[in-house]
Amino acid sequence: MNTETCIFCKIAHHEIPADLVYEDDHFVAFLDINPVKKGHTLIIPKDHYRWIQDLPDDRLSEAFILAKKMIKAIKSAFACQFTQLVVEGNEVPHFHISIVPGYEGQLNATFFHEAYAVNESKEYVEKVKRALESGF
Ligand SMILES: [Zn+2]
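This one's a predicted model, so the numbers in the text were calculated from it and none came from an experiment.

(A) Region of interest: the overall build of the chain. If you tally the helices and strands in the chain, you get 3 helices and 5 strands. Secondary structure elements of the chain occur, N-terminal to C-terminal, as α-β-β-β-α-β-β-α. Each principal axis of the C-alpha atoms in the chain carries an extent, and together these give about 50 × 40 × 25 Å. Taking all 136 residues of the chain together, the buried fraction comes to 33%. Put simply, of all contacts in the chain between residues at least 6 apart along the chain, 48% involve residues at least 24 apart. Approximately 9300 Å² of the chain is accessible, and the part contributed by carbon and sulfur atoms is 54%.

(B) Examining the pairing of strand 5 (residues 96-102) more closely. The buried fraction of strand 5 is high, at 7 of 7 residues. Side-chain alternation along strand 5 places His96, Ser98, Val100 and Gly102 on one buried face and Ile97, Ile99 and Pro101 on a second face that is also buried. For strand 3 (residues 41-45) and strand 5, the ladder comprises 3 bridges, and the chain directions are antiparallel. Its bridge partner being in strand 5, Leu42 is matched across the sheet by Ser98.

(C) Focus on the nonpolar core. One finds Ile43, Leu66, Met70, Phe95, Ile97 and Ile99 to be the most contacted residues of the largest nonpolar core, which totals 17 residues. Every element with two or more residues in this core is listed here: strand 2 (27-31), helix 2 (57-78) and strand 5. Residue contributions to this core peak at 6 residues, all from helix 2. In this structure, Phe95 is in contact with Ile43, Ile44, Pro45, Tyr49, Arg50, Trp51, Ile52, Leu55, Leu60, Ala63, Val87 and Glu88, ignoring residues within four places of it in sequence.

(D) Geometry of the packing of aromatic side chains. By the definition in use, this model includes 2 aromatic pairs. With a centroid separation of 5.4 Å and 80° between ring planes, the pair formed by Phe8 and Phe30 is classed as edge-to-face. In this pair, Phe8 sits in helix 1 (residues 7-12) while Phe30 sits in strand 2, placing the two residues 22 residues apart along the sequence. Ring plane angle 65° and centroid distance 5.3 Å describe the contact between Tyr116 and Tyr124, whose orientation is recorded as edge-to-face. For Tyr124, a relative accessible area of 39% puts it in the partly exposed group. Looking at Lys127, its charged tip hangs above the ring of Tyr124, at a distance of 5.3 Å from the centre.

(E) Local environment of a nonpolar patch on the surface. Nonpolar side chains collect at one region of the surface, where Ile52, Phe64, Leu85 and Val87 lie side by side and expose about 280 Å² of accessible area between them. You can see Phe64 is positioned in helix 2.

Rules used in this analysis
Residues numbered from 1 in each chain as written. Predicted model: local features only at pLDDT ≥ 70, side-chain atom pairs only at ≥ 80, totals over all residues. Heavy atoms only, no water. Helix = DSSP H or I, 4+ residues; strand = E, 2+ residues; numbered from the N terminus. Buried < 20%, exposed > 50% of the residue type's maximum accessible area, 1.4 Å probe, protein only. Contact = heavy atoms within 4.5 Å. Areas by Shrake-Rupley, 256 points an atom, 1.4 Å probe, with all protein chains shown as cover. Pairing = 2+ DSSP bridges. Core = buried A, V, L, I, M, F, W, Y, C linked by side-chain atoms within 4.5 Å. Phe/Tyr/Trp six-rings, centres within 6.5 Å; stacked < 30°, edge-to-face > 60°. Lys NZ or Arg CZ within 6 Å of the ring centre and 35° of its normal. Patch = residues over 30% accessible without salt bridge, like charges linked within 9 Å, V, L, I, M, F, W, Y side chains within 5 Å. Salt bridge = Lys/Arg side-chain N within 4 Å of Asp/Glu carboxyl O.

See the structure below:
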């Protein structure tokens with residue numbers, strides 16, 4: 001995947017249409033074409049990065065400050081009680097923050113969940129701690 005074939009790059013550069021709700025020098029936000037809930041909004045950087053760890057720190061900070069602003073707008077726009085965020089780069093391999101309006105008493109999508117075996121979670125805790133201590 002490169003910027004010439006990336007659908008989100010094309011949206012960011014107005015090469016294909018999308019329901020844009022926001023734009024500045026570094027980001028666009030638009031409605032997800034297949035929303036979990038109506039009003040489901042995606043924030044993407046105009047530059048192509050796949051994963052959260054690929055963004056420079058200052059750009060990543062801007063992304064989440066923008067997410068806060070968008071959350072306030074979405075809450076106001078759709079009279080929802082809260083929003084749920086997912087940071088993604090998988091289905092479309094271009095970093096995006098997905099903001100889904102949330103309503104008390106309503107479930108969003110049904111997700112598959114894994115379950116830890118007894119004490120298995122402790123192994124995962126230790127693995128993360130070791131990674132943090134090693135400095136990666
Ligand atoms: Zn892209």
